[in-house]
Amino acid sequence: MTSALVATARTLVGEGRGLLAMDESNPTCNKRFAAAGIPQTEEARRAYRELIVTTPGLGRCISGAILYDETIRQRDGTGVLLLDRLLEAGIIPGIKVDRGAKPLALHPGETVTEGLDGLRERLTEYADMGARFAKWRGVIALGEGLPTRSCLAANAQALARYAALCQEAGLVPIVEPEVLMNGDHGIATCLAATETVLRAVFQELDRQDVVLEAVILKPNMVLPGLDCPDQSTVRDVAEETVRCLSRCVPAAVAGIAFLSGGQSGELASARLDAINLIARGGGGRTPWPLVFSFARAIQHPALNIWHGEDDQIGSAQQALYHRANCNHAALRGDYTHAMETSPALRRAS
Ligand code: 13P
C-alpha cells in the first residue's frame, strides 16, 4: 500500500508537471460565476468543468486535477464521466474532502476546517470511484494577535488526522495550510507565520505517524500582504519562500505544490519560475520538487473568456492551456514574460 502511495505522489510532482485545482465548492464556484456574469446552475458548473478537462494537450503540463464532490460524479456531453476524461488525458484524479473553514469558537477572525466526521467512509467511496489523492485546506489569517496558538493547533491537528485517514484509505494526502495574503503586513511577518504554521503541521503529522514520502505539501508562497505598501520583488519572494521551506519541511516529503492564493496568473508564474531557479542553483538545491497546484492563477482568464458561451469554448481552452504551459515552463526555470506577449510564443504554447 505505502509503495503505491509513494509512487502516486512522485508521479504527481515528479515529471515536470503540476496540479490543477478545480475543486471550488459550489458556493465558491457560484461566486466566481457571478463575478463573471455566468448563471450559477449545476449545468453551468458541469459545462465549465467539461471545458477544463477536455482542453487539448492539458496532460502535457498537468499531472493531477483536484475535483469537487459534485464534479467527480458528473459526465461530459457524451455521457463519459469527467474523471474518465482526465484519465484519458493522462491526468490523475483527486478530490477535495474538507467541508470548509468554519469560525473557530472563542477566536474571532479565525477558522478551523471541518470535515473529519464520516471522513473514513467518504474516502473509501472516493477511492472506489477512482480518486488517487485528496486535498484538505486549513486557513490561517494574519492580523493583530493572529494567528493564535489555538488556531494553529486546531488546524494542524485536523490536517494530520485527515492525512492519516487518507493514507489508510490508499489516497495520497495533499496537506494545505494556507497563510492568507489579506492584510498590510510585510513579507517578514508572512515568513515568520508560515514557519510557525509549517512546524506545527509537521509536528502533528509526525504524531499521527503519517508517512511523509507519501505526502504532498501545498503551502502559500511567502508574500507581503495585499495592502502592504512594500510589494517585494519576485526574487525576494522566491528567496524567502525557499528559505522558509528549507527550514521547516522535512526532506522526506514527496513534493511541494504551491497554491496561488489570489496572485495574478503572470505573477504566480514569475514567482514559481524564480523559486525553481533558486531551488536548483548551486549548493542550495532543495530535496523536493517545487511545483504548482493553482486554481485561480490557471483558470481565471479562461473563465472570463468562456462566459458561459459555447462558441467561446475553444478560446477559453487556449487560455487555460496557456497558463498551464507558462507554469510548466516555470518548473524548468524557462518562463519569461515574453511568453505572455509574443503571439508566436503563445501559439507555440
Ligand atoms: P488558488 O490557487 O486559487 O489559491 O486555489 C488553490 C486551492 O486549491 C485552494 O484550496
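This text follows the structure it describes.
**Considering the site of the ligand**
Next, step 1: In the vicinity of the ligand lie 13 residues, with Lys135, Lys218, Ser260, Gly261 and Arg296 positioned nearest.
Next, step 2: One of the side-chain nitrogen or oxygen atoms of Ser260 is found 2.4 Å away from an oxygen atom of the ligand.
Next, step 3: Within the contact set of the ligand, an oxygen atom lies 2.7 Å away from a side-chain nitrogen or oxygen of Arg296.
Next, step 4: The fraction of the free accessible surface of the ligand (300 Å²) that becomes covered by protein chains is 93%.
Next, step 5: Elements represented by at least two residues in the shell around the ligand include exactly strand E6 (133-140) and strand E10 (290-294).
Next, step 6: Considered class by class, the residues forming the shell around the ligand number four nonpolar, three polar and six charged.

**Structural notes on the packing of aromatic side chains**
Next, step 1: Using the criterion set out here, one finds five aromatic pairs in the structure.
Next, step 2: An angle of 80 degrees between the planes, with centres 5.6 Å apart, marks the rings of Phe33 and Tyr48 as edge-to-face. Here Phe33 is found in helix H2 (residues 26-36), whereas its partner Tyr48 is found in helix H3 (residues 42-53), with 15 residues between them in sequence. Tyr48 shares its class with Phe33; the two are buried.
Next, step 3: Ring centres 5.7 Å apart and planes at 40 degrees place the aromatic pair Phe292 and Phe294 in the tilted group. Both residues of the pair, Phe292 and Phe294, belong to the buried class.
Next, step 4: Among the aromatic side chains, those forming a connected cluster through ring pairs are Phe33, Tyr48 and Trp306.

**Quick notes on the pairing of strand E7 (residues 172-179)**
Next, step 1: Within E7, eight of the eight residues are buried, which leaves it mostly tucked inside the rest of the structure.
Next, step 2: Burial of the side chains of E7 extends over both faces: Val172, Ile174, Glu176 and Glu178 are buried on one face and Pro173, Val175, Pro177 and Val179 on the other.

**Things to note about the packing of helix H9 (residues 234-248) against helix H10 (residues 265-280)**
The description of two packed helices rests on the angle between their axes and on the distance between the axes.
Next, step 1: Packing of H9 against H10 brings their axes to within 8 Å, and their N-to-C directions diverge by 55 degrees. Classed by the angle they form, the pair H9 and H10 counts as oblique. Relative to H10, the crossing made by H9 is right-handed. Here Val234, Arg235, Val237, Ala238, Glu239, Thr241 and Val242 of H9 lie close against H10, whose contacting residues are Leu267, Ala270, Arg271, Ala274, Ile275 and Ile278.
Next, step 2: Grouping the constituent residues of the contact of H9 with H10 by class yields nine nonpolar, one polar and three charged.

**Observations concerning the sheet that holds E10**
Next, step 1: Read around the barrel, eight strands follow the order E1-E2-E3-E6-E7-E8-E9-E10 and close on themselves; strand pairing throughout is parallel.
Next, step 2: Note: strand E8 (residues 216-217) against strand E9 (residues 255-258), two bridges, orientation parallel. Bridged to Ile216 within E9 is Gly255.
Next, step 3: Sheet strands touched by helix H8 (residues 187-207): E6, E7 and E8. Its angle to E7, the strand with the most contacts, is close to 150 degrees.
Next, step 4: Along the sheet face, helix H12 (residues 313-331) touches strand E1 (18-21), strand E2 (62-67) and E10 and points at about 160 degrees away from the line of E10.

Conventions we followed
Residues numbered from 1 in each chain as written. Predicted model: local features only at pLDDT ≥ 70, side-chain atom pairs only at ≥ 80, totals over all residues. Heavy atoms only, no water. Near = heavy atom within 4 Å. Polar contact = N/O pair within 3.5 Å; in protein donor to acceptor, adjacent residues only side chain to side chain. Areas by Shrake-Rupley, 256 points an atom, 1.4 Å probe, with all protein chains shown as cover. Helix = DSSP H or I, 4+ residues; strand = E, 2+ residues; numbered from the N terminus. Nonpolar A, V, L, I, M, F, W, Y, C, P; charged D, E, K, R; others polar. Phe/Tyr/Trp six-rings, centres within 6.5 Å; stacked < 30°, edge-to-face > 60°. Buried < 20%, exposed > 50% of the residue type's maximum accessible area, 1.4 Å probe, protein only. Axes fitted to C-alpha atoms, helices over the stretch in contact; angles between N-to-C directions. Parallel < 35°, antiparallel > 145°, perpendicular 65-115°, else oblique. Left-handed = near helix turned anticlockwise from the far one by under 90°. Contact = heavy atoms within 4.5 Å. Pairing = 2+ DSSP bridges.

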